[in-house]
Amino acid sequence: MPYMSVKEQVLQAIQRLPDDIDFRDVAEEVAFLAAVVEAEEDIQAGRVISNEQMKTRIAEWSTK
């Protein structure tokens with residue numbers, strides 16, 4: 001897949017959205033794209049945990 005700039009990715013995402021959206025919808029879509037990119041970078045860098053580790057963390061949070 002050829003490299004797409006952030007601007008190109010955002011414009012492409014906006015083009016896929018329906019015409020009757022508001023600014024908040026656009027902002028949420030851009031935030032989602034940013035989160036996906038950040039997650040992909042974390043995966044590439046090995047910053048991941050197993051499902052079991054996450055379940056343990058959630059259990060700890062819910063008991064506090």
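Everything that follows concerns the structure shown earlier in this document.
So, here's what we can say about the structure. (Residues numbered from 1 in each chain as written. Predicted model: local features only at pLDDT ≥ 70, side-chain atom pairs only at ≥ 80, totals over all residues. Heavy atoms only, no water.)

## Details of the overall build of the protein chain
Then step 1. Tallying secondary structure elements over the protein chain gives 3 helices and 0 strands in all.
Then step 2. Walking the protein chain from its N terminus toward its C terminus, one meets helices and strands in the order α-α-α.
Then step 3. Computed over the C-alpha atoms, the radius of gyration of the protein chain is 17 Å, more than 25% above the 11 Å expected from 2.2 N^0.38 for a compact globule of 64 residues.
Then step 4. If one aligns the C-alpha atoms of the protein chain with their principal axes, the spans along those axes are about 45 × 30 × 15 Å.
Then step 5. Taken over 64 residues, the protein chain has a buried fraction of 3%.
Then step 6. Counting every atom, the protein chain has about 6,000 Å² of accessible surface; 57% of that belongs to carbon and sulfur.
Then step 7. One finds the centroid of the 7 positive side-chain charges in the protein chain at a distance of 7 Å from the centroid of its 13 negative side-chain charges. (Helix = DSSP H or I, 4+ residues; strand = E, 2+ residues; numbered from the N terminus. Rg over C-alpha atoms; globule rule 2.2 N^0.38 Å. Buried < 20%, exposed > 50% of the residue type's maximum accessible area, 1.4 Å probe, protein only. Areas by Shrake-Rupley, 256 points an atom, 1.4 Å probe, with all protein chains shown as cover. Lys, Arg positive; Asp, Glu negative; His and termini not counted. Charge placed at Lys NZ, Arg CZ, Asp CG, Glu CD.)

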